[in-house]
Amino acid sequence: MVPIPSSLITPERVWRERRLWIAAAALGPAAGLLGAPREALAATDVGPPNTLEQITRYNNYYEFSSNKEAVWKLAEGFKPTPWTLAVEGEVERPKTWDLADLLKRYPQEDRVYRLRCVEGWGMVVPWRGFPLASLLKDCAPTSRAKFVEFVSVNRPEEMFGQRMKALRWPYTEGLRIDEAMHPLTLVVTGLYGQPLPNQNGAPLRLAVPWKYGFKSIKAITRIRLVETRPETSWQRAAASEYGFYANVNPDVHHPRWSQKREVRIGEMAKRPTLPFNGYADEVASLYTGMDLRLDY
Amino acid sequence: MGAPPRNFAWLVKHHFGKVRAATFAAALVPAFCLVAEWWTDALGVNPLNRLLQFTGRWALIMLIITLAITPVRRFTVWLAQSAHARYGKRVSDWNWLVRLRRQLGLFTFLYACLHLAVYVCLDAGADLQAIVDDVAERPFILVGFAAFGLLIPLAATSNKAAMRALGGRAWQRLHRLAYVIAGLSIVHFWLEAKVGEFKPLPYSMVLGLLLLARLQSRWGGGRRVPENDVTAR
């Protein structure tokens, strides 16, 4: 075996420093905004955020490509406006929102969340958005609303990857109602204080930080409250690999990627993966009494 | 007796040291490219992934080149013989390629070692428990280790002393394991490929063709080209 000389490993620190530099530069005016909610919402330190460059050049977005480094380019032709979001199903007040009205109605806040992809990498992302709970409460879910189904956009003419049938389009995801109402669950409208870039799921996506990234559906057009558990795109593709809950869990194996550790983008070596991606204090109580190795 | 014709075969034969050195240098080019990428911070957003994929890919490419030598040589011998029979022309065959094969096989081993080193040191953090867990949890890692394990005896016997000690026939039989290693590598690659990706497809097709050529030469009709004595140098 050929050992890696330590001189070759040094760049890890250089990488980290560069990341901090760019993060500081990019944050600049927004730094004040970012501080407060982060302290308030995440007791655990999420670590320094990744750079805008890292966040916008490494995107797992099958609608464009399964190649994460090609997505930003392929997404250039996507048109995030005009956009409507329909909230329907088991609600007393269904409503179709125009994007601009939605942004006016719900005040945006900045939150720095960890993101853990099922493919064994992670980032720290300064999202901007509003709690999904505020939107759902305004629509008054009925007593039959047990789950929430999210449906993404279907535009094969603008989304190159949708011309391949790797997944069922449009992409669908789902949450249990209490997960959807959890204060950490965010409807994301921006990144680093700017409108959301196309490759990150413009104009509206979810951020569910204690679950694998594929639960945080991008480019949402429809939110449907339903009584039975919806089938998600990834469950349909490979139910044994991608469960409905998909909570970040080092004890549930995946055949291709280790879920015990992850590479934080910007670092060279892997670090341990935390249960619920480090949000156990906030969300573990949602699952009391469940065996999460079976309900993965 | 006049001077021998100074054709391509003659040039190669009389400057074989240079041919070997050039092959050596060429086989190192990918490794140097990767080191250059590392030093210039050009490994991309996920450097660990780049290192793993690059080294694995080149180990497989080197293995394919190594396995392609005999079929290519057979083809050129056939070509030379038919050209001679038909047009009375002498076309040199490329038997000298065989003399590069051991070296290319060792480069396969080098890239496989780099691949394993990146996995052990950076991915698994040099933690034995992590590696044991990986082998238990992820079949493709087990298959990768099997392929690497089989490469070791081949690399260890890729020298004249081992060839002589084993004898040509036994040595050849042992080194047919290269096909098993190739099969395992392809399985490793497919198991690692994610839903909707077909990166292993071109490699699988080339290896399939090489295997067919091998079977054809063994059982198929047509003239049999006598095996060179591989121990002769």
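Our subject is the structure that appears above.
Below, the structure is looked at part by part. It should be emphasised that the depicted structure is a prediction, and the values quoted were computed from it without experimental measurement.

Reading the values: the criteria
Residues numbered from 1 in each chain as written. Chains lettered and ligands numbered in written order. Predicted model: local features only at pLDDT ≥ 70, side-chain atom pairs only at ≥ 80, totals over all residues. Heavy atoms only, no water. Helix = DSSP H or I, 4+ residues; strand = E, 2+ residues; numbered from the N terminus. Contact = heavy atoms within 4.5 Å. Salt bridge = Lys/Arg side-chain N within 4 Å of Asp/Glu carboxyl O. Polar contact = N/O pair within 3.5 Å; in protein donor to acceptor, adjacent residues only side chain to side chain. Nonpolar A, V, L, I, M, F, W, Y, C, P; charged D, E, K, R; others polar. Core = buried A, V, L, I, M, F, W, Y, C linked by side-chain atoms within 4.5 Å. Buried < 20%, exposed > 50% of the residue type's maximum accessible area, 1.4 Å probe, protein only. Axes fitted to C-alpha atoms, helices over the stretch in contact; angles between N-to-C directions. Parallel < 35°, antiparallel > 145°, perpendicular 65-115°, else oblique. Patch = residues over 30% accessible without salt bridge, like charges linked within 9 Å, V, L, I, M, F, W, Y side chains within 5 Å. Areas by Shrake-Rupley, 256 points an atom, 1.4 Å probe, with all protein chains shown as cover. Pairing = 2+ DSSP bridges.

**What about the overall build of chain A?**
What chain A contains, in helices and strands, is ten helices and twelve strands. Considering only residue pairs separated by 6 or more positions, chain A has 71% of its internal contacts joining residues 24 or more positions apart.

**Side note on the interface of chain B and chain A**
Tallying the contact residues gives 34 residues for chain B and 36 residues for chain A. Inspection of the chain B/chain A interface yields five salt bridges. Two residues, Glu119 of chain A and Lys194 of chain B, come together in a salt bridge whose shortest N-O distance is 2.8 Å. Counting across the interface, chain B meets chain A through twelve residue pairs in polar contact (both at pLDDT 80 or more). Where the side of chain B that touches chain A is concerned, the elements lending two or more residues are α2 (16-39), α3 (47-87), α4 (98-123), α5 (128-137), α6 (139-156) and α9 (177-192) of chain B. The greatest single-element share of the side of chain B that touches chain A, amounting to eight residues, is contributed by α4 of chain B. Residues of the side of chain B that touches chain A, tallied by class, amount to 21 nonpolar, four polar and nine charged.

**Topic: the nonpolar core**
Counting residues in hydrophobic clusters, the biggest one holds 135 residues, and the most contacted among them are Trp127, Leu132, Leu135, Phe150, Leu206, Trp210 and Ile223 of chain A. Look past the residues within four positions of Leu135 of chain A in its chain and what remains in contact with it is Leu85, Val87, Trp97, Leu102, Tyr106, Phe130 and Ile223 of chain A.

**Things to note about the packing of α2 of chain B against α3 of chain B**
Residues and elements named next belong to chain B. Where α2 contacts α3, the two axes come as close as 11 Å, and the packing angle between them is 175°. Taken together, the axes of α2 and α3 are roughly antiparallel relative to one another. On α3, the residues that touch Ala27, Pro30, Leu34, Glu37 and Trp38 of α2 are Arg50, Leu51, Phe54, Thr55, Trp58 and Met62. Class assignment of the residues belonging to the contact of α2 with α3 gives a composition of eight nonpolar, one polar and two charged.

**Regarding a nonpolar patch on the surface**
Together, Leu209, Leu211, Leu212, Leu215 and Trp219 of chain B make up an exposed nonpolar region whose accessible area comes to about 560 Å². Of note, Trp219 of chain B is situated in helix α10 (residues 201-219).

**Examining the pairing of strand β7 (residues 186-191) of chain A**
Residue and element names in this part refer to chain A. The buried count for β7 comes to six of six residues, which makes it a mostly enclosed element. Across five bridges, strand β4 (residues 121-131) lies against β7 in antiparallel orientation. Note on β7: the bridge partner recorded for Arg128 is Gly190. Two strands pair when backbone bridges link them, and β7 and strand β9 (residues 205-207) are joined in this way by three bridges, in the antiparallel orientation. Each bridged residue has a counterpart across the sheet, and for Val188 the counterpart in β9 is Arg205. Connecting β7 to the antiparallel partner strand β8 (residues 194-195) that follows it, the hairpin turn spans two residues, and Tyr192 within it adopts a positive phi of roughly 50°.

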